[in-house]
Amino acid sequence: MSFTKSVDTKKRLILNQSANVLTMLNLGSGSMALILIMKGHASLAAGLIFLAAVCDMYDGKVARNLNISSDFGKQLDSLADLISFGVAPALLIYQSILFQYSIAGILLTVMYILCGAIRLARFNVTTFTGNFQGLPIPAAGCLLALFFLMRFYIPSVFFMFILLGLSVLMIGTFKVKKI
């Protein structure tokens, strides 16, 4: 094999995995957010949720622009999204605010995560037509992180309604145009 062909082959291998690398950065950011939540660094965790959103936005763009979309990438993206925009923001809100509402806080936290999983599973088994069905989980997770940053201006009981509302919106059947 010639040197040029070897370089071209390696370049193509790297390009083929570029979207998955961004997805893994999304997942890594969400995972790090979970660790920071457990360590009491909630504001840093919120920042990592936003970083995960940036990675999530670009992984799909890279895959489409390089024509490297795959079922594997789609599944990996959904798993990353469940952690970064489902589990991490829900635990952020629970650990910092909803813990004081005992079982109601726990149930709403779990419900948000379950609705996020349903939303992602529904997306994975349908053909994308340019519109999402229900609120995409990255939007819901980023909204939770944003509300967390505004927590000193929002009565804590409202966070129960915020979680409930975002949960319902994620599993809703209305159409959301992809931006």
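The structure presented is a predicted model; accordingly, all values stated were derived computationally and were not measured. (Residues numbered from 1 in each chain as written. Predicted model: local features only at pLDDT ≥ 70, side-chain atom pairs only at ≥ 80, totals over all residues. Heavy atoms only, no water.)

Turning next to the overall build of the chain. Secondary structure summary: the chain contains six helices and two strands in total. For the chain, the spread of C-alpha atoms along the three principal axes comes to 65 × 35 × 25 Å. When the 179 residues of the chain are sorted by exposure, 42% land in the buried category. Residue pairs at least 24 apart in sequence account for 78% of intrachain contacts in the chain once pairs closer than 6 positions are excluded. Summed over its atoms, the accessible surface of the chain is roughly 10,000 Å², and 72% of this surface lies on carbon and sulfur atoms. Within the chain, the 6 negative side-chain charges are centred at a point lying 3 Å from the centre of the 14 positive side-chain charges. (Helix = DSSP H or I, 4+ residues; strand = E, 2+ residues; numbered from the N terminus. Buried < 20%, exposed > 50% of the residue type's maximum accessible area, 1.4 Å probe, protein only. Contact = heavy atoms within 4.5 Å. Areas by Shrake-Rupley, 256 points an atom, 1.4 Å probe, with all protein chains shown as cover. Lys, Arg positive; Asp, Glu negative; His and termini not counted. Charge placed at Lys NZ, Arg CZ, Asp CG, Glu CD.)

Quick look at the packing of helix α4 (residues 102-125) against helix α6 (residues 158-171) now. Two elements in contact, α4 and α6, have axes separated by 8 Å at closest approach and are oriented at 20 degrees. One finds that α4 runs roughly parallel with respect to α6. The handedness of the crossing between α4 and α6 is left-handed. Touching Ala104, Leu108, Thr109, Met111, Tyr112, Cys115, Gly116, Ile118, Arg119 and Arg122 of α4 are Met160, Leu163, Leu164, Leu166, Ser167, Met170 and Ile171, all from α6. Looking at the contact of α4 with α6 residue by residue, the classes come out as twelve nonpolar, three polar and two charged. (Axes fitted to C-alpha atoms, helices over the stretch in contact; angles between N-to-C directions. Parallel < 35°, antiparallel > 145°, perpendicular 65-115°, else oblique. Left-handed = near helix turned anticlockwise from the far one by under 90°. Nonpolar A, V, L, I, M, F, W, Y, C, P; charged D, E, K, R; others polar.)

Below, the discussion takes up the nonpolar core. Counting residues in each nonpolar core, the largest one holds 39 residues, and the members touching the most others are Leu92, Ile93, Leu98 and Tyr112. Sorting the residues of this core by element identifies α1 (3-38), α2 (42-65), α3 (71-96), α4, α5 (137-149) and α6 as the ones contributing at least two each. Once residues within four sequence positions are removed from consideration, Leu92 is found in contact with Ile37, Ala42, Ala45, Ala46, Ile49, Ala145 and Phe148. (Core = buried A, V, L, I, M, F, W, Y, C linked by side-chain atoms within 4.5 Å.)

With that settled, the discussion passes to the side chain of Asn124. Looking at where Asn124 falls in the secondary structure, it is placed in helix α4. At 3.0 Å, the side chain of Asn124 forms a polar contact with the side chain of Ser78. Setting aside anything within four residues of it in sequence, one finds Asn124 in contact with Lys74, Gln75 and Ser78. (Polar contact = N/O pair within 3.5 Å; in protein donor to acceptor, adjacent residues only side chain to side chain.)

For the rest of this paragraph, the subject is a nonpolar patch on the surface. Residues Leu143, Leu146, Leu149, Met150, Phe152 and Tyr153 make up a contiguous nonpolar surface patch of roughly 640 Å² in combined accessible area. Residue position: Tyr153 is located in the loop between α5 and α6. A residue is classified by how much of its surface remains accessible, and Tyr153, at 72% relative accessible area, is exposed. (Patch = residues over 30% accessible without salt bridge, like charges linked within 9 Å, V, L, I, M, F, W, Y side chains within 5 Å. Salt bridge = Lys/Arg side-chain N within 4 Å of Asp/Glu carboxyl O.)

A word on unusual backbone geometry. Even without glycine at this site, Asn67 takes up a positive phi of about 55 degrees. Turning to its location among the elements, Asn67 is positioned in the loop between α2 and α3. Here Ser102, not a glycine, exhibits a phi torsion of approximately 50 degrees, which is positive. Ser102 gets classed as partly exposed once you look at its relative accessible area, which sits at 47%.

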